[in-house]
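If you want the building blocks of each chain, they are given just below.
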Amino acid sequence: MRVLLTGGTGFVGSAVLEQLISAGHTVTAAVRSETAADAVRGTGATPVVGRITDREWFAAQLRQVDAAIHTAVPGDESPAEFDDAVIDAALVAFAGTEKPFVYTTGIWIYGSGEDLTEATAVDAPAITAWREAAGAKLLGGGIDARVVSPGIVYGYGKGIPNVIIGAPRTQDGALVLVGSGDQHWTTIHTDDLATLYVAVLERGSAGEVYFGVSGVSPTVWEIGEAVVGPGGSVVGDDETATRERLGADFADALLLSQQATGSKARSLGWAPTRPTLVEELSS
């Protein structure tokens, strides 16, 4: 299948690119610079240089492929405006076809919950509130749209868990957590997430949302303990102090307590195999 990928040099997108090539797909990577073009060219993908927020340009690229996966994140643009342009181009280019367009949201939009599923009502924190309208526009747009909603992505020393790894210490050396540390985070290794994108592309269904989560939802306290190791200590933080330190909107998302199994994704024959976040940090 000829697949157009956005974000092919990013943390998630580069892993998706590798998995697409491994699965035998022909990949065109939409990139913003010649430097990025050289990077993706080295993987076996064909780069096209331009701005995916240019609706006409991006729609023209989409018309030349059989499917697309969107993992890119905005640069200077607002996230809402960035994805709105991407969705507009996809709705025009894929109208009247059966070409799948795999889009990325995030599990934060569902708010806190002990057993979140794709049917859970949206209750997004401010930082991701724009995603509800974007998702509704795409899924109601009459094309074969499929959505991957990742949890907190980690792997190779990258991702949001670095907020804990790089957190300040108290005078006696205790690692300061995000909030009390009692909240659970849904998690997914970037390589497992990448294989899910390929599964959704190949075997997913139009109009469906798939959680990209491993089913392991450690508490922030457990994550912190893995960071400091057996000889270290952690301490909870006042939520007000956490918001002041990290910014209110980002902190409010990190303070959500979320647990999910991701069983729907497993119905595609997908299963996570990489080390859990706690295992990776402990090693």
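Quick note: structure is the one above.
Residues numbered from 1 in each chain as written. Predicted model: local features only at pLDDT ≥ 70, side-chain atom pairs only at ≥ 80, totals over all residues. Heavy atoms only, no water.

> Run through the sheet that holds strand β6 (residues 144-150), naming residues and quoting values.
Reading across the sheet, the 7 strands line up as β3-β2-β1-β4-β5-β6-β11 and stay open at both edges, with parallel pairing between neighbours. Looking at strand neighbours, the two that pair on one side only are β3 (46-49) and β11 (209-212), the edges of this open sheet. Going from strand to strand, the sheet's axes swing by 20° on average, the running direction of each strand aside. One ladder, built from 4 bridges, connects β6 with β11; its direction is parallel. Residue pairing in the sheet places Ser-149 in a bridge with Phe-211 of β11. Contacts from helix α2 (residues 34-41) reach β2 (26-31) and β3, with the element oriented near 165° to β3. Lying over the sheet, helix α3 (residues 55-62) contacts β1 (2-6), β2, β3 and β4 (67-70), oriented at roughly 150° with respect to β1. (Pairing = 2+ DSSP bridges. Helix = DSSP H or I, 4+ residues; strand = E, 2+ residues; numbered from the N terminus. Axes fitted to C-alpha atoms, helices over the stretch in contact; angles between N-to-C directions. Contact = heavy atoms within 4.5 Å.)

> Report on the sheet that holds strand β10 (residues 187-189), specifying residues and quantitative values.
The strand order β8-β7-β10 describes an open sheet built from 3 strands, whose pairing is mixed. Lying at the two open borders of the sheet, with one neighbouring strand each, are β8 (158-159) and β10. Across 2 bridges, the pairing between strand β7 (residues 152-155) and β8 is antiparallel. Residue pairing across strands places Tyr-154 opposite Gly-159, the latter belonging to β8. Most of the contacts of helix α7 (residues 190-203) go to β10, to which it runs at about 85°, and overall it touches β7 and β10.

> How would you explain the packing of aromatic side chains if you had to name every residue and give the values?
Going through the model one piece at a time under the given rule, you end up with 3 aromatic pairs. For the ring pair Phe-94 and Phe-101, a centre distance of 6.3 Å and an interplane angle of 80° mean the geometry is edge-to-face. Here Phe-94 matches Phe-101 in class, with each residue buried. Geometry around Tyr-210 places Lys-264 over its ring, the cationic atom sitting 5.2 Å from the centre. (Phe/Tyr/Trp six-rings, centres within 6.5 Å; stacked < 30°, edge-to-face > 60°. Buried < 20%, exposed > 50% of the residue type's maximum accessible area, 1.4 Å probe, protein only. Lys NZ or Arg CZ within 6 Å of the ring centre and 35° of its normal.)

> Describe the side chain of Thr-128, listing the residues and the values that go with them.
Within the secondary structure, Thr-128 sits in the loop between β5 (100-104) and α5 (130-139). Those residues within four positions of Thr-128 in sequence are excluded, and the remaining contacts are Trp-108 and Ile-109.

> Account for the environment of Val-213, with residues named and values stated.
Within the secondary structure, Val-213 is located in the loop between β11 and α8 (220-228). A sequence separation of 17 residues divides Val-213 from Leu-196, and the C-alpha atoms of the two residues are 9.6 Å apart. With near-sequence residues (within four places) excluded, Val-213 lies in contact with Ile-107, Gly-151, Thr-186, Thr-187, Ile-188, Ala-260, Thr-261, Gly-262, Arg-266 and Trp-270.

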